[in-house]
Amino acid sequence: KAGVTQTPRYLIKTRGQQVTLSCSPISGHRSVSWYQQTPGQGLQFLFEYFSETQRNKGNFPGRFSGRQFSNSRSEMNVSTLELGDSALYLCASSHSGQGFQETQYFGPGTRLLVL
Amino acid sequence: AQSVAQPEDQVNVAEGNPLTVKCTYSVSGNPYLFWYVQYPNRGLQFLLKYITGDNLVKGSYGFEAEFNKSQTSFHLKKPSALVSDSALYFCAVFSGSARQLTFGSGTQLTVLP
């Protein structure tokens, strides 16, 4: 099975712009979660989608949003970019996200640099 | 709220020696614990998990972890380290109610040849 894929892998934007990142989960996985990784804050949960619905959201401002399509692919959007948004954005998928025993499998990430 | 602590930012070990990467957790209810590894410019790779059952969990690439409920610890171990094990290791706990993984701050493991 192909793993989780994320596009693009690298992105450079300037402050005030917006950006959209894409994630394709493992085939058959319906739950997609997004995480932000920075040297200062570590790995932080952004949100989780299942069946095109956001089920859970972390403690991030409303500039961070996402959506999921009927084929389980997910996108996240960051509007009005700030320097502090520079990070590695990781997507993870799991079968349903319902069970504590499920493993989340991560993609390679999108590295966003905001200038 | 759940939390994970990895008390060591950096662990150095000689190749062929055993390695231990420490993790302690705090969670209400039963703990569901995971270890992931991250190589430079890569995403996280799953190593192993503890859900229930045996306290010694075996995972990928020869890694294992020991769950200790009384000490609320879930230390990652490997009997004989390889240079290729050098990477950033994350411990995480899954909260069923929040449906999210909470990660520790990570431990950089360096295996010296």
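Reading the values: the criteria
Residues numbered from 1 in each chain as written. Chains lettered and ligands numbered in written order. Predicted model: local features only at pLDDT ≥ 70, side-chain atom pairs only at ≥ 80, totals over all residues. Heavy atoms only, no water. Helix = DSSP H or I, 4+ residues; strand = E, 2+ residues; numbered from the N terminus. Buried < 20%, exposed > 50% of the residue type's maximum accessible area, 1.4 Å probe, protein only. Contact = heavy atoms within 4.5 Å. Pairing = 2+ DSSP bridges. Phe/Tyr/Trp six-rings, centres within 6.5 Å; stacked < 30°, edge-to-face > 60°. Buried area = accessible area lost by both parts, 1.4 Å probe. Salt bridge = Lys/Arg side-chain N within 4 Å of Asp/Glu carboxyl O. Polar contact = N/O pair within 3.5 Å; in protein donor to acceptor, adjacent residues only side chain to side chain. Nonpolar A, V, L, I, M, F, W, Y, C, P; charged D, E, K, R; others polar.

Notes on the environment of Asn-55 of chain B
Residue and element names in this part refer to chain B. Assignment of secondary structure puts Asn-55 in the loop between strand E6 (44-50) and strand E7 (56-58). Using a relative accessible area of 42% as the deciding quantity, one classes Asn-55 as partly exposed. Measuring from C-alpha to C-alpha, the distance between Asn-55 and Ser-84 comes to 27 Å, with 29 residues separating the pair along the chain. Beyond its immediate sequence surroundings of up to four residues, Asn-55 is in contact with Tyr-50, Ala-65, Glu-66 and Phe-67.

Side note on the pairing of strand E3 (residues 19-24) of chain A
Residue and element names in this part refer to chain A. Pairing between strand E1 (residues 5-7) and E3: three bridges, direction antiparallel. Paired with Gln-6 across the two strands is Cys-23, which belongs to E3. Sheet topology note: the E3/strand E8 (residues 74-78) ladder contains five bridges and is antiparallel. Counterpart to Cys-23 in the pairing with E8 is Ser-74.

Section: the packing of aromatic side chains
For the coordinates displayed, the defined rule picks out 17 aromatic pairs over all chains. Both rings, one in Tyr-35 of chain A and one in Phe-45 of chain A, keep their centres 5.7 Å apart while their planes meet at 65 degrees; by these two values the pair is edge-to-face. Within this pair, whereas Tyr-35 of chain A is found in strand E4 (residues 31-38), its partner Phe-45 of chain A is found in strand E5 (residues 42-50), the two being separated by ten residues in sequence. Its relative accessible area of 5% is what places Phe-45 of chain A among the buried residues. Taking 6.1 Å as the distance between ring centres and 20 degrees as the angle between the ring planes, the aromatic pair formed by Tyr-25 of chain B and Phe-67 of chain B counts as stacked. One end of the pair, Tyr-25 of chain B, is in strand E4 (residues 24-26); the other, Phe-67 of chain B, is in strand E8 (residues 64-68), with 42 residues separating them in the sequence. On the accessibility criterion, Phe-67 of chain B (6% relative accessible area) is buried.

Brief notes about the interface of chain B and chain A
Listed by partner, the interface residues are 19 residues for chain B and 23 residues for chain A. Counting each side, the surface lost to burial between chain B and chain A is near 1800 Å², with a carbon and sulfur contribution of 54%. Between the two partners, chain B and chain A, sit zero salt bridges. Summed over the shared surface of chain B and chain A, the number is five residue pairs in polar contact (both at pLDDT 80 or more). Mapped onto the side of chain B that touches chain A, the elements with two or more residues apiece are strand E5 (33-38), E6, strand E10 (87-95) and strand E11 (100-103) of chain B. Partitioning the side of chain B that touches chain A into residue classes produces twelve nonpolar, four polar and three charged.

Considering the pairing of E6 of chain B
All names here are of chain B. Sheet topology places E5 next to E6; six bridges connect them, and they run antiparallel. Across the sheet, residue Gln-38 finds its bridge partner in E6, namely Leu-44. Remark: five residues form the turn of the hairpin made by E5 and E6, two consecutive strands paired antiparallel; Asn-41 in that turn has positive phi of roughly 60 degrees.

Details of the side chain of Lys-78 of chain B
All names here are of chain B. Summarising the element assignment, Lys-78 is placed in strand E9 (residues 73-78). One polar contact links the side chain of Lys-78 to the main-chain carbonyl oxygen of Tyr-61, over a distance of 3.2 Å. Setting aside its immediate chain neighbours within four residues, Lys-78 contacts Asn-17, Pro-18, Leu-19, Tyr-61, Gly-62, Phe-63 and Asp-85.

Focus: unusual backbone geometry
Trans is the prevailing form of peptide bonds, just as negative phi is the prevailing case for residues other than glycine. The peptide bond linking Thr-7 of chain A to Pro-8 of chain A adopts the cis configuration, its omega dihedral lying at -10 degrees. Residue position: Pro-8 of chain A is located in the loop between E1 and strand E2 (10-13). One non-glycine residue, Tyr-61 of chain B, adopts positive backbone phi at about 55 degrees. When you line up the elements, Tyr-61 of chain B lands in the loop between E7 and E8. Backbone geometry at Thr-72 of chain B places phi at a positive 45 degrees, although glycine is not the residue there. Mapped onto the secondary structure, Thr-72 of chain B falls in the loop between E8 and E9. Thr-72 of chain B gets classed as partly exposed once you look at its relative accessible area, which sits at 31%.

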